[in-house]
Amino acid sequence: MSTSNKGEINAAEVRYNALFFPVAASGLLVGLWSSPLATKGLQGWKWFDWHPLSMAIAFVVLAPLAALKKRIGGKGPTVIHGSMANLGMMLGCLGYYVIWSNKEMLNKEHLTSLHGKLGAASVASFVVLGIVGALGLHPDFGMLKTNKLVRGIHKYSGRAGILTAWSAAFTGFVKYETRVQVQAPILLGLLALSYFTII
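Owing to the predicted nature of the structure, the values given are computational and were not obtained by experimental measurement.

Rules and cut-offs
Sequence positions are assigned chain by chain, starting from 1 and proceeding in written order. Reporting of local features is limited, given that this is a predicted model, to residues whose pLDDT is at least 70; pairs of side-chain atoms are given and counted only at 80 or more, and all residues count toward the totals for whole chains, interfaces and linings. The side-chain figures draw on all heavy atoms in the structure; neither hydrogens nor water molecules are used. Here a strand is any run of E in DSSP of at least two residues, a helix any run of H or I of at least four, and the numbering for each starts at the N terminus. Nonpolar cores are built from buried Ala, Val, Leu, Ile, Met, Phe, Trp, Tyr and Cys residues. Side-chain atoms within 4.5 Å join them into one set. Working definition: with a 1.4 Å probe on protein chains only, accessible area under 20% of the residue-type maximum means buried, over 50% means exposed, and in between means partly exposed. Salt bridge, as used here: a side-chain nitrogen of Lys or Arg that lies within 4 Å of a carboxyl oxygen of Asp or Glu. Patch membership needs two things, relative accessible area over 30% and no salt bridge, and members are linked within 9 Å if like-charged or within 5 Å if nonpolar (Val, Leu, Ile, Met, Phe, Trp, Tyr). To measure how exposed things are, a 1.4 Å probe is used in the Shrake-Rupley method; for residues, cover is taken only from the protein chains shown. Helix span is expected to be 1.5 Å times the residue number reduced by one. Throughout, a contact is declared for two residues whenever any of their heavy atoms are within 4.5 Å. The rule is short: rings of Phe, Tyr and Trp, with Trp giving its six-membered ring, pair when the centres are within 6.5 Å, and they are stacked under 30 degrees, edge-to-face over 60, tilted in between. Here the term cavity refers to a set of points on a 1 Å grid, laid over the protein atoms alone, in which a 1.4 Å probe fits but cannot get out; the term pocket refers to an open set having protein on both sides within 12 Å along at least five of seven lines, with lining residues being those that place an atom within 4 Å of a point. Grid points are joined across faces, edges and corners, and a volume is the space filled by probe spheres set on the points. Each residue is assigned to one class: nonpolar for Ala, Val, Leu, Ile, Met, Phe, Trp, Tyr, Cys and Pro, charged for Asp, Glu, Lys and Arg, and polar for all the others, Gly among them.

> I would appreciate a short explanation of unusual backbone geometry in the present structure.
With glycine set apart, most residues show a phi of negative sign, and most peptide bonds adopt trans. With phi around 55°, Asn-107 is a residue other than glycine that occupies positive phi space. Position of Asn-107 among the secondary structure elements: in the loop between α3 (75–105) and α4 (114–136). Positioned with a positive phi, Leu-111 is a non-glycine residue whose angle comes to about 55°.

> So what exactly am I meant to see when it comes to the nonpolar core here?
What tends to happen in soluble globular proteins is that the nonpolar side chains get buried as a cluster. Among the nonpolar cores identified, the biggest contains 33 residues, and Phe-59, Leu-65 and Phe-126 are the most heavily contacted of them. When residues in this core are grouped by element, the largest group, 11 residues, is from helix α2 (residues 50–72).

> What exactly am I supposed to notice about the pattern of salt bridges here?
Pairing between side chains of opposite charge can happen when their charged atoms approach one another. Considering all chains together, one arrives at 2 salt bridges under this definition. Note that Lys-46 and Asp-49 form a salt bridge whose closest N and O atoms lie 3.6 Å from each other. Lys-46 gets classed as partly exposed once you look at its relative accessible area, which sits at 48%. Notably, a salt bridge pairs Lys-75 with Asp-140, separated by 2.7 Å at the nearest N-O pair. Of the two residues, Lys-75 sits in helix α3 while Asp-140 sits in the loop between α4 and α5 (148–176), which places them 65 residues apart along the sequence. Relative accessible area serves as the criterion here: at 48%, Lys-75 is assigned to the partly exposed category. Owing to a relative accessible area of 45%, Asp-140 belongs among the partly exposed residues under this scheme.

> What's the story with a nonpolar patch on the surface in this structure? I'm lost.
A surface patch of nonpolar side chains, amounting to about 640 Å² of accessible area, comprises Trp-47, Trp-50, Leu-94, Tyr-97, Met-105 and Leu-106. It is α3 that contributes the most residues to the nonpolar patch, 3 residues altogether. Relative to the helices and strands, Met-105 is located in helix α3.

> How should the environment of Val-150 be read in this particular structure?
With respect to the helices, strands and loops of the structure, Val-150 is situated in helix α5. Taking C-alpha positions, Val-150 is 8.9 Å from Val-132, a pair spaced 18 residues apart along the chain.

> Where do I start with α4 in this structure?
An α-helical turn contains 3.6 residues, so a residue and the one three or four places further along point in the same direction. For α4, built from 23 residues, the straight-helix expectation of 33 Å at 1.5 Å per residue is met to within 8% by its first-to-last C-alpha distance of 32 Å. Of all the residues in α4, the buried ones are His-115, Leu-118, Gly-119, Ala-120, Ser-122, Val-123, Phe-126, Leu-129, Gly-130, Gly-133 and Gly-136. Those residues of α4 hidden inside the fold are in contact with α2, α3 and α5.

> Sorry, what's going on with the packing of aromatic side chains here?
When we look at a pair of aromatic rings, we describe it by the centre distance and by the angle of the planes. Under the counting rule described, the total for this entry stands at 6 aromatic pairs. A centroid spacing of 4.8 Å and a plane angle of 35° characterise the contact between Phe-59 and Phe-126, whose relative ring orientation is tilted. Pair noted here: Phe-59 is in helix α2 and Phe-126 is in helix α4, with a separation of 67 residues, a long-range link. With relative accessibility at 4%, the residue Phe-59 sits in the buried group. Among the residues examined, Phe-126 registers a relative accessible area of 9% and is labelled buried. Members of the aromatic cluster, each reached through a chain of ring pairs, are Tyr-16, Phe-20 and Phe-21.

> How should the layout of surface pockets be read in this particular structure?
Where empty space is left in the structure can be found by rolling a water-sized probe over the atoms. As a volume, the largest pocket reaches approximately 910 Å³. Taken together, 31 residues line the largest pocket, and the ones lying closest to its centre are Lys-70, Thr-78, His-81, Leu-137 and His-154. Those elements that place two or more of their residues in the lining of the largest pocket are α2, α3, α4 and α5. In terms of residues, the lining of the largest pocket owes the most to one element, α3, which gives 8 residues. When grouped by side-chain class, the residues that make up the lining of the largest pocket number 12 nonpolar, 13 polar and 6 charged. Around the second largest pocket sit 31 residues that line it, and Phe-48, His-51, Ile-99, His-115 and Lys-175 are the ones nearest its centre. Those elements that provide at least two residues to the lining of the second largest pocket are α2, α3, α4 and α5. Take the lining of the second largest pocket: its biggest share by element is 7 residues, from α5. Of the residues in the lining of the second largest pocket, the class split is 17 nonpolar, 11 polar and 3 charged.

This is how it looks when you write it as structure tokens:
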């Protein structure tokens, strides 16, 4: 490995370490702000509240951290990337199940809002990315791990999926928090983090 590549790997690792807590804190803030934990504690917890929390951890915390981990390069970070992304995908599926079943219990229509459509697209994209990543791109047994086209599509589809998920998170967040002075910092935070984690 050349010195320049080693320097790039170190820079990617420094970036991951520097962004770990801001990304985690942003996701938890978005998820918890939409739940009663901040105001009522566990007494106000409802079945629905698992939706914003699991989706925020899945797509605002785990997905971008997985993308950053992959940038470090090498087999170890790639396997961790896949594990984090697939854990996020499973939490996203849980969040989707919660909102689907909650709407069924309340006899409400599904996928009627921009938030719902973006959320469904996010979950679907991460399921496909997870299957392709696990079966096709795993460094030990991936059938397509050396195919540059598939790797490129996976990389840029993942970035698009994260942006879609963050758009879903923000559109869901503003349903519950209508004060612009609170919405603006969250939006600016997500935009800033998107620059460092996705671009």
